[in-house]
Amino acid sequence: MDSREPVVCSGPGGPCCATATKPTMSDYIDRGLRRARSATLPIVGEARHDDAGRFARFSLRLDHGVITGVAFEASVCITLVAYCEVLAEWVTGLTIPVAARRIRPLDLTSELPLVPADKRDLALLASQALMTTVIQATKEERV
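This structure is a prediction, so every number in the text was calculated from the model and none was measured. (Residues numbered from 1 in each chain as written. Predicted model: local features only at pLDDT ≥ 70, side-chain atom pairs only at ≥ 80, totals over all residues. Heavy atoms only, no water.)

(A) Looking closely at the packing of aromatic side chains. Evaluated as defined, the whole model comprises one aromatic pair. Seen from their ring centres, Phe-58 and Phe-72 are 5.7 Å apart, and the 50° between their planes marks the pair as tilted. Here the residue Phe-58 occupies a position in strand E5 (residues 55-63), and Phe-72 occupies one in strand E6 (residues 66-74), the gap between them amounting to 14 residues. The exposure class of Phe-58 is buried, given its relative accessible area of 0%. Positioned over the ring face of Trp-90 is Arg-102, at 3.7 Å from the centre of the ring. (Phe/Tyr/Trp six-rings, centres within 6.5 Å; stacked < 30°, edge-to-face > 60°. Helix = DSSP H or I, 4+ residues; strand = E, 2+ residues; numbered from the N terminus. Buried < 20%, exposed > 50% of the residue type's maximum accessible area, 1.4 Å probe, protein only. Lys NZ or Arg CZ within 6 Å of the ring centre and 35° of its normal.)

If you want it as structure tokens, here you go:
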């Protein structure tokens, strides 16, 4: 039995006739574990750490101001990996200013509502790590 919920696609002209399946936590974990094994990309942000010693670090590839690739390293924590993967998927294809507005911990926790309350603070860690990298990308883009 598939636990994924069907969602209606929507485009600029309104809903389309096809439906898509909203990814589950397991989907994000699987994709995140694969992405975490990817090579580091040219723009590398500073690693962010929490009080428990967990960390996350993102790297990006830009093409004319658009994020065309995202990689990350993270502690072996499936919740953190899932949050990092959600963010990576959300910002791919966006410009730096739009990506910066998309990185919001509250949106991230809403995307994965089944995460236990005591793990939701990892959304902040993942968001801070990606924002650090987006800021780095802004600096490098100006050079």
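(B) Examining the pairing of E5 more closely. The pairing of strand E3 (residues 43-44) with E5 spans two bridges and is antiparallel. Looking at the pairing, Val-44 lines up with Ser-59 of E5. By the bridge criterion, two bridges tie strand E4 (residues 48-49) to E5 in an arrangement that is antiparallel. Paired with Arg-48 across the strands is Ala-56, a residue of E5. Linking E4 back to E5 in an antiparallel pair, the connection comprises five residues, with Gly-53 at a positive phi of about 90°. Pairing between E5 and E6: eight bridges, direction antiparallel. (Pairing = 2+ DSSP bridges.)

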